[in-house]
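Geometric and topological summary
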Amino acid sequence: MNYHLTLKSANVKTGPIPVSTTSGDSCPESCGSRDRCYAKAGPLAIHWRKVNDGGLSLEDFTAKISALPHGQLWRHNQAGDLPGKDEKIDTQALNAIVKANEGKRGFTYTHKPVTGLNHTENTNALAVLMANKRGFTVNLSADTLEQADTLKDLGIAPVVVVLPEQSKGEVTPSGRRVVVCPAISHEGVTCESCKLCAWRDREVIIGFPVHGPLRRQPARLVTIKGVEA
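1. Considerations on the packing of aromatic side chains
- Inspection of the entire model under this criterion finds 5 aromatic pairs.
- For the ring pair Phe61 and Trp74, a centre distance of 6.4 Å and an interplane angle of 70 degrees mean the geometry is edge-to-face. With Phe61 in helix H2 (residues 58-66) and Trp74 in strand E3 (residues 73-79), the pair connects residues that are 13 residues apart, well separated along the chain. By the burial criterion, Phe61 is buried, and Trp74 matches it.
- Where Tyr109 meets Phe208, the ring centres are 5.9 Å apart and the plane angle is 85 degrees; that geometry is what we call edge-to-face. Of this pair, Tyr109 sits in strand E4 (residues 105-110) while Phe208 sits in strand E9 (residues 205-209); the two residues are 99 residues apart in sequence, bridging distant segments of the chain.

2. Focus on unusual backbone geometry
- A positive phi angle, close to 60 degrees, is found at Asp86, a residue other than glycine.
- The residue Asp86 is located in the loop between E3 and helix H3 (91-100) in this model.
- Here Asp86 falls in the partly exposed class, since its relative accessible area comes to 32%.
- One non-glycine residue, Lys195, lies in positive phi territory at about 65 degrees.
- The residue Lys195 is located in the loop between helix H7 (191-194) and E9 in this model.

3. Section: the sheet that holds strand E5 (residues 137-142)
- Pairing is mixed across the open sheet formed by 9 strands, whose spatial order is E1-E2-E3-E4-E5-E6-E9-E8-E7. Edge positions in the open sheet fall to strand E1 (3-6) and strand E7 (170-171), since each of these has one partner strand only.
- For E7 and strand E8 (residues 177-180), the ladder comprises 2 bridges, and the chain directions are antiparallel. Bridge pairing links Val171 to Arg177 in E8.
- Where H2 meets the sheet, it contacts E1, strand E2 (19-22) and E3, and its direction lies at approximately 25 degrees from that of E1.

4. A word on the confidence of the model for the chain
- Averaged over every residue, the pLDDT of the chain is 88; residues scoring 70 or more account for 88%.
- Low confidence marks residues 217-229, where pLDDT is under 50. Its contacts with residues over four positions away, or in another chain, come to 31 contacts.

5. Re the pattern of salt bridges
- A complete count under the given rule lists 2 salt bridges for this structure.
- Ionic pairing is found between Asp149 and Arg176, a salt bridge with its closest N-O pair at 2.7 Å. Of the two residues, Asp149 is situated in helix H5 (residues 145-154) and Arg176 in the loop between E7 and E8; the sequence distance between them amounts to 27 residues.
- Given the relative accessible area of 4%, Asp149 is considered buried.
- Owing to a relative accessible area of 21%, Arg176 belongs among the partly exposed residues under this scheme.
- Here Arg176 makes a salt bridge to Asp153, at a shortest N to O gap of 2.7 Å. Remark: Asp153 occurs in helix H5 and Arg176 occurs in the loop between E7 and E8; sequence separation between them is 23 residues.

6. Quick notes on the pairing of E3
- Burial within E3 is extensive, with 7 of its 7 residues counted as buried.
- Where E2 lies against E3, 2 bridges are found, and the strand directions are parallel. From the neighbouring strand, Thr21 faces E3, where its bridge partner is Ala79.
- Where E3 lies against E4, 3 bridges are found, and the strand directions are parallel. Paired with Arg75 across the strands is Phe107, a residue of E4.
- Chirality of the crossover, the property in question, places the unit of E3, H3 and E4 among those that are right-handed.

Cut-offs used in this document
Residues numbered from 1 in each chain as written. Predicted model: local features only at pLDDT ≥ 70, side-chain atom pairs only at ≥ 80, totals over all residues. Heavy atoms only, no water. Phe/Tyr/Trp six-rings, centres within 6.5 Å; stacked < 30°, edge-to-face > 60°. Helix = DSSP H or I, 4+ residues; strand = E, 2+ residues; numbered from the N terminus. Buried < 20%, exposed > 50% of the residue type's maximum accessible area, 1.4 Å probe, protein only. Pairing = 2+ DSSP bridges. Contact = heavy atoms within 4.5 Å. Axes fitted to C-alpha atoms, helices over the stretch in contact; angles between N-to-C directions. pLDDT = per-residue confidence, 0-100. Salt bridge = Lys/Arg side-chain N within 4 Å of Asp/Glu carboxyl O. Right-handed = clockwise from strand over helix to strand, strands pointing away.

Given below as structure tokens:
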């Protein structure tokens, strides 16, 4: 894995907080948004390719995270996923990031599989649970409302979901409330001012309407615990 840390983001959605990027080999093949990922277009795509070709080592990256001020909000992975190639989380690398985050308010998202009966999924689920318990917020990413229910039922992490373009909010099949990311739905709101994705114990599911140049491409067919989407 290669990493990069921007200490002051210029993204109007995040606000001027630190944001990181992880090389694309961290992204799982099973990600339903893989073919329409917003990070594959525009300036972020150019930056991501540079990180793929060469970035910080895990040791150098975690040293930079450790050096952030106490209580600093930061977003891990504006592009990329949790460490570990393809489907499996590298638990040692994740533990290093979690340790570096102690005293800070890091948050991120993952499409790594956490449902099912095989060893990889069980290991991933435990790694996500422990990261959240130790103060590093890992949001489980769903590609449909049905998947959002499945992930929320695990009780190991907060959940986010991809929504149709122009969505104003939804309700899952199990009746859970989904709110559109406030940085998208409200002018002037940023990750820095909102902090909702960094709230580990929230009940509400956060929805992200599909956006960017690739938004019109359909989601890929994936299966999570017997649910097709």
